[in-house]
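Now for the letters of each chain:
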Amino acid sequence: MKKIILIISVVVIIILGFFGIRFYNKYVGNNVEKDGFVLIPHNAKPQQIFDSISPYIKNKNYFRSIAEDKNLSGNFKPGRYELKSGMNNREIVNMILAGNQTPNSFRIKDFDDVYQMIGRVSKKTEIDSTKFANQLNEIAISKGYKNAEDLKKYFFNNTYDFFWTVTPKEFFNKFESDYKDFWTTERIAKEKQSGLSRDQIYALASIVYKESGGKPDEQKTIAGLYLNRYKKGMKLQSDPTVIYAVKQASNFTQQIKRVYYKHLKAPSPYNTYANKGIPPGPICIVDKNSLNAVLDAEKNNYIFMCADPARFGYHKFTDNAEEHAINAKAYQDWLNKKDIK
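These numbers come from a predicted model, not from an experiment.

(A) Structural view of the environment of I222. Residue placement: I222 occurs in helix α11 (residues 219–231). Note: C-alpha distance between I222 and E126 (96 residues apart in sequence) is 41 Å. Non-local contacts of I222, meaning those with residues more than four positions away in its chain, are made with V208, E211, S212, M305, H315 and F317.

The structure is reproduced here in structure tokens:
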């Protein structure tokens, strides 16, 4: 009798252990095979959701069972979700039901135009570049502008976090808010004191950014130099504006590493060798440092600058034409030595 009871006890323990392990693996245990990100679009079908998650999980049947119990296919939130080792099925399903997305980092660089930015940004969003551009065009028109390119001043060169499901309107609203925050009462006072329009400030800031390579060290000095030229009625003669004019004419498909005399005659209102004054708008998306550099420009007498081959990324400044010619010759010789064409 004791033997029978022992056998029965062992069988019960085995059965309980079996179902206990199954329960644990189904509800509590790690079911992530490998770390990764899952993209679930709006209007995703049940099988589409399962197929996107399937490569990252160990036991697909357990996951499907929990997903069906919680009606994942009927209540999911679209988005980009991170699956990490240690997550169980309930955590995965609840994350998607709650819409707890993992944001993407978006690097807004010194893009030549807004449409270049859209092309890069849309690769990290659910919406494609054409729809993204069309909706930004609509936003621009609603504000009295011609198209999305006229929104360039609203964007700042920096790194931002956005969800994969961000809409163009949500995207723009973030930058418009940032734009309004930047233009404080103090900065607006400096803007008025400068005698420049806001568009002129952005245009100069874009030149300062390009000439400085984005490094803040010389930006106030460069801003002071170009303001000197502008106030003297001189042409600004900024190489980056020539590069922009040539690239714009090719719809930004042509790349230029070196400016030649043939480029200086590029027929464009942005070409500051061909035209006096400040360009009609920025030649790139700027950062806040460049704008501040224009608003707090250094008081100096410089009217010439030239890249310094001995200090890559920096410049030689002067108010003397003869000294500038020597500096320019040294730089041209350096370009020729490096065979930069």
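(B) Summary view of the side chain of E176. Relative to the helices and strands, E176 is located in helix α8 (residues 168–182). The class for E176 is buried, based on a relative accessible area of 13%. Looking at E176, its side chain comes within polar contact range of the side chain of K143, at 2.5 Å. Excluding its chain neighbours within four sequence positions, the residues that come into contact with E176 are K143 and Y154.

(C) Fine view of a positive patch on the surface. On the surface, R107, K109, R120 and K123 cluster together into a positively charged patch. Position of R120 relative to the elements: it lies in helix α6 (residues 114–121). Using a relative accessible area of 46% as the deciding quantity, one classes R120 as partly exposed.

(D) Expanded view of the packing of helix α2 (residues 46–53) against helix α3 (residues 60–69). Interhelical geometry of α2 versus α3 gives an angle of 140° and a closest axis separation of 11 Å. Comparing their axes, α3 and α2 come out oblique. Where α2 crosses over α3, the two elements pack in a sense that is right-handed. Residue-level contacts link Q47, F50 and I53 of α2 to K60, F63 and R64 of α3.

(E) Inspection of the packing of aromatic side chains at higher detail. A full pass over the atoms with the stated rule returns 21 aromatic pairs. With a centroid separation of 5.4 Å and an interplanar angle of 90°, the aromatic rings of F106 and F162 are classed as edge-to-face. Of this pair, F106 sits in strand β3 (residues 104–108) while F162 sits in strand β4 (residues 158–162); the two residues are 56 residues apart in sequence, bridging distant segments of the chain. Take F106: its relative accessible area is 3%, and that puts it in the buried class. Their ring planes at 45° and their centres at 6.2 Å tell us that W183 and Y202 sit as a pair that is tilted. Placement of the pair is W183 in the loop between α8 and α9 (185–194) and Y202 in helix α10 (residues 198–212), with a sequence separation of 19 residues. Note that K34 overlies the ring of Y56, its terminal NZ or CZ placed 5.5 Å from the centroid.

(F) Focus on helix α5 (residues 89–98). Among the residues of α5, those classed as buried are N89, I92, V93, M95, I96 and L97. Between a side-chain oxygen at the N-terminus of α5 and the backbone nitrogen of R90 the separation is 3.1 Å; the capping residue is N88. Note on α5: the residue one or two positions beyond its end, G99, has a positive phi of about 75°.

(G) Here's a closer look at the pairing of β3. Every second residue of β3 is oriented toward a common face, the buried set being N104, F106 and I108 and the non-buried set S105 and R107. Summarising the sheet, β3 and β4 pair through five bridges and their orientation is antiparallel. Bridging from a neighbouring strand, R107 pairs with T159 of β4.

(H) The nonpolar core, seen in detail. By size, the foremost hydrophobic cluster in this structure holds 57 residues, and its most contacted members are M117, L136, F155 and F171. Only β3, α6, α7 (129–142), β4, α8, α10, α11 and α13 (288–295) provide two or more residues apiece to this core. Dropping the residues within four chain positions of it, F155 is found in contact with V114, M117, F171, F172, F175, I285 and V286. Among the nonpolar cores identified, the runner-up in size contains 22 residues, and F63, Y81, L83 and L97 belong to it.

(I) Focus on α3. Within the span of α3, buried status applies to Y62, F63, S65, I66 and A67. Where α3 begins, the side chain of N59 points an oxygen toward the backbone nitrogen of N61, at a separation of 3.1 Å. Downstream of α3 by one or two residues, N71 has phi in the positive range, about 55°.

(J) Layout of unusual backbone geometry. Phi is positive for N43, close to 60°, though the residue is something other than glycine. Within the secondary structure layout, N43 lies in the loop between β1 (36–40) and α2. For F252, which is not glycine, the phi torsion reads 65° and is therefore positive. Note on placement: F252 falls in the loop between α12 (239–249) and α13.

Calculation notes
Residues numbered from 1 in each chain as written. Predicted model: local features only at pLDDT ≥ 70, side-chain atom pairs only at ≥ 80, totals over all residues. Heavy atoms only, no water. Helix = DSSP H or I, 4+ residues; strand = E, 2+ residues; numbered from the N terminus. Contact = heavy atoms within 4.5 Å. Buried < 20%, exposed > 50% of the residue type's maximum accessible area, 1.4 Å probe, protein only. Polar contact = N/O pair within 3.5 Å; in protein donor to acceptor, adjacent residues only side chain to side chain. Patch = residues over 30% accessible without salt bridge, like charges linked within 9 Å, V, L, I, M, F, W, Y side chains within 5 Å. Areas by Shrake-Rupley, 256 points an atom, 1.4 Å probe, with all protein chains shown as cover. Salt bridge = Lys/Arg side-chain N within 4 Å of Asp/Glu carboxyl O. Lys, Arg positive; Asp, Glu negative; His and termini not counted. Charge placed at Lys NZ, Arg CZ, Asp CG, Glu CD. Axes fitted to C-alpha atoms, helices over the stretch in contact; angles between N-to-C directions. Parallel < 35°, antiparallel > 145°, perpendicular 65-115°, else oblique. Left-handed = near helix turned anticlockwise from the far one by under 90°. Phe/Tyr/Trp six-rings, centres within 6.5 Å; stacked < 30°, edge-to-face > 60°. Lys NZ or Arg CZ within 6 Å of the ring centre and 35° of its normal. Pairing = 2+ DSSP bridges. Core = buried A, V, L, I, M, F, W, Y, C linked by side-chain atoms within 4.5 Å.

All we've got here are geometric facts, nothing functional implied.
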